[in-house]
Amino acid sequence: MLSTIRGQLSALCAIVGLSLAACSPQKPPAQASTDTASKPSATASQKPNKTIAISAIVAHPSLDAIRQGIIDELAAEGYIKGQNLTVNFQSAQGNTATAGQISKQFVADKPDAIVAISTPTAQSLAAASKEIPIVYTAVSDPVAAKLITQQNTPTQPNITGLSSQLPLAPQLDFMQKIMPSAKSIGYVFSAGEMNSVALRDKLTIALPERGMNLVDIPANRPTDIAMATNSLGGKAQLIYTSMDNNVASAFESMVQSANALKLPIIASDEFSVRRGATAALGVNDYDFGRTTGKMVGKILDGTPVTQVKPEVMNQLTLYVSPKHAQAQGLTLNPELLKGAVNVDTTPERKIDK
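Predicted model only: the values in this text are computed from it and were never measured.

Enquirer: Even after reading the chapter, I still don't get the sheet that holds strand β6 (residues 184-189), so can you show me in this structure?
Expert: Hydrogen bonding along the main chain pairs the strands of a sheet, whether they run parallel or antiparallel. What the seven strands build is an open sheet, ordered β7-β6-β8-β9-β10-β12-β13; its pairing is mixed. The sheet is open, and its two edges are formed by β7 (213-218) and β13 (341-342), each paired on a single side. Bridging between strand β10 (residues 279-283) and strand β12 (residues 317-320) involves four bridges; their strand directions are antiparallel. Counted as the bridge partner of A279 is V320 from β12. Running over the sheet, helix α9 (residues 251-261) touches β6, β8 (238-240) and β9 (265-269) and is turned about 155° from β9.

Structural data, given as structure tokens:
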């Protein structure tokens, strides 16, 4: 079955026009990354007691899956939560001031490592400490966030991490394949999130080259998402959203407005499709967490942060929901369904709260 799925996704890459380097076959979420958390490579008794702090700008399914992946990978490395690993998790609930307070508290607690999930969190923690190891994750543009330089060198010696710099061209290829008639792309974004602003700027340049234009609407609070989405009515034929935590925290309100307007939503993560988007071409969040966990594990094992180089994860998986597509006025091409993970029929991975 798995070999069939891999073959189908490879075929999809050819259909959409993606390179195999940018669109490598992935396992469905329910089977992705064999869960070795219950089979650690080293027992807890063989590893010293460690403490990590994890902070996220907001709690939503994509970031929760990343956090679960981190904890599961550390268990596989021999650091088991509740045994020899203490995990302190705090969410800023979308408030940057709260993120600053959490950062200061974490630094005062002096954990062995801090994991920063999302760009605002990583920036806040970087400002709060120059000594405690900080591993960022779910950051789409660490250069724009001033966490690393264009040469992939951290801007301060205690920082490393994993970024999700999704290649833009395959995203645009997919949007044009799924709706060839689309000429205007709606983009609701948070002006306060560097990753969202950077993507807006890239779309502004890339879309006209394809004969399309961008309709960008800022929404600085979760309560603004529905109104911003409604304003796209009559102006856009498709909505694109990618890793904006403000949008993700109120995604159901975007979906409700998009359904009423019959505007398909194209996202870049699995859980946005499960929550109402038509489709997404993006990384597997749980796998993203597992890869991040490997980096944290090296640091807990004693490897200096300066020897754990920043990495990029950009292998893409296609997720679709024919049910949500229909609600947004779109019928998906059967060829796309053959090579994609259909969230309508694929069970969701359980995440510990």
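Enquirer: Sorry, what's going on with the packing of helix α2 (residues 61-76) against helix α11 (residues 285-300) here?
Expert: In a pair of packed helices, the angle between the axes and the distance between the axes together describe the arrangement. Contact pair α2 / α11: the axes reach a minimum separation of 6 Å and the direction vectors enclose 45°. Viewed along their axes, α2 and α11 adopt a mutual orientation that is oblique. The interaxial crossing formed by α2 with α11 has right-handed handedness. Counting all contacts with α2, which are made through S62, A65, I66, Q68, G69, I70, D72, E73, L74 and A76, the residues of α11 involved are D285, Y286, F288, G289, R290, T292, G293, K294, V296, G297 and L300. Among the residues forming the contact of α2 with α11, the class breakdown is nine nonpolar, seven polar and five charged.

Enquirer: How should I be thinking about unusual backbone geometry in this particular structure?
Expert: The backbone of S118 shows a phi angle near 100°, a positive value even though the residue is not glycine. Position of S118 among the secondary structure elements: in the loop between β3 (113-117) and α4 (119-128). For S118, a relative accessible area of 0% gives the class buried. At N152, a position not held by glycine, the phi torsion is positive, near 65°.

Enquirer: Mind showing me how you'd approach the packing of aromatic side chains here?
Expert: One pair of aromatic rings is described through two measures. These are the centre distance and the angle between the planes. Taken as a whole, this structure holds one aromatic pair when the rule is applied. Relative to F189, the ring of Y187 has its centre 5.5 Å away and its plane inclined at 5°; by these criteria the two rings are stacked. Overall, F189 belongs to the buried group, its relative accessible area being 3%.

Enquirer: For this particular structure, what's the right way to read the nonpolar core?
Expert: Side chains of nonpolar character tend, in soluble globular proteins, to be buried together. By size, the foremost hydrophobic cluster in this structure holds 76 residues, and its most contacted members are I52, I178 and L203. Setting aside its immediate chain neighbours within four residues, I52 contacts L74, L85, T86, V87, N88, P111, A113, V296 and L300. If you look at the next biggest cluster of nonpolar residues, it comprises 24 residues, including V215, L232, F251 and V343.

Enquirer: Just to check I follow, could you spell out the confidence of the model for the protein chain for this structure?
Expert: Low pLDDT marks stretches whose predicted atomic positions should not be read closely. Summary statistics for the protein chain give a mean pLDDT of 87 and a share of 87% for residues scoring 70 or more. By mean pLDDT, the top-scoring element of the protein chain is β8 (98), and the lowest-scoring one is helix α1 (residues 2-16) (41). Contacts from residues 1-40, a stretch scored under 50 in pLDDT, to residues over four places away or in other chains number 84 contacts.

Enquirer: Explain the pattern of salt bridges here, please?
Expert: Enumeration according to the criterion identifies 12 salt bridges in this entry. Of the charged contacts, one joins K294 and E73 as a salt bridge, the two residues approaching to 3.3 Å between their closest N and O atoms. Of the two residues, K294 sits in helix α11 while E73 sits in helix α2, which places them 221 residues apart along the sequence. With a relative accessible area of 5%, E73 lands in the buried category. Measuring nitrogen to oxygen at the nearest pair gives 2.9 Å for the salt bridge that ties D201 to R200. Here the salt bridges do not stand alone but share partners, grouping E73, R290 and K294 into one network.

Enquirer: Help me understand the pairing of β12, please; the structure alone is not making it clear to me.
Expert: Within a regular strand, the side chains alternate between the two sheet faces. The alternating pattern of β12 places T317 and Y319 and L318 and V320 on opposite faces, both of which are buried. Bridge analysis of β12 against β13 gives two bridges, and the strand direction is parallel. Bridging from a neighbouring strand, Y319 pairs with V341 of β13.

Enquirer: What's the story with the sheet that holds strand β11 (residues 311-312) in this structure? I'm lost.
Expert: What the six strands build is an open sheet, ordered β2-β1-β3-β4-β5-β11; its pairing is parallel. Lying at the two open borders of the sheet, with one neighbouring strand each, are β2 (85-91) and β11. Bridging between strand β5 (residues 159-163) and β11 involves two bridges; their strand directions are parallel. Bridging across to β11, S163 finds its partner in V312. Against the sheet, α2 makes contact with β1 (50-56), β2, β3 and β4 (134-139), and its axis sits at roughly 140° relative to β4, the strand it touches most. Taken strand by strand, α4 contacts β1, β3, β4 and β5, and its axis lies near 160° from that of β4.

Rules behind the numbers
- Residues numbered from 1 in each chain as written.
- Predicted model: local features only at pLDDT ≥ 70, side-chain atom pairs only at ≥ 80, totals over all residues.
- Heavy atoms only, no water.
- Pairing = 2+ DSSP bridges.
- Helix = DSSP H or I, 4+ residues; strand = E, 2+ residues; numbered from the N terminus.
- Contact = heavy atoms within 4.5 Å.
- Axes fitted to C-alpha atoms, helices over the stretch in contact; angles between N-to-C directions.
- Parallel < 35°, antiparallel > 145°, perpendicular 65-115°, else oblique.
- Left-handed = near helix turned anticlockwise from the far one by under 90°.
- Nonpolar A, V, L, I, M, F, W, Y, C, P; charged D, E, K, R; others polar.
- Buried < 20%, exposed > 50% of the residue type's maximum accessible area, 1.4 Å probe, protein only.
- Phe/Tyr/Trp six-rings, centres within 6.5 Å; stacked < 30°, edge-to-face > 60°.
- Core = buried A, V, L, I, M, F, W, Y, C linked by side-chain atoms within 4.5 Å.
- pLDDT = per-residue confidence, 0-100.
- Salt bridge = Lys/Arg side-chain N within 4 Å of Asp/Glu carboxyl O.

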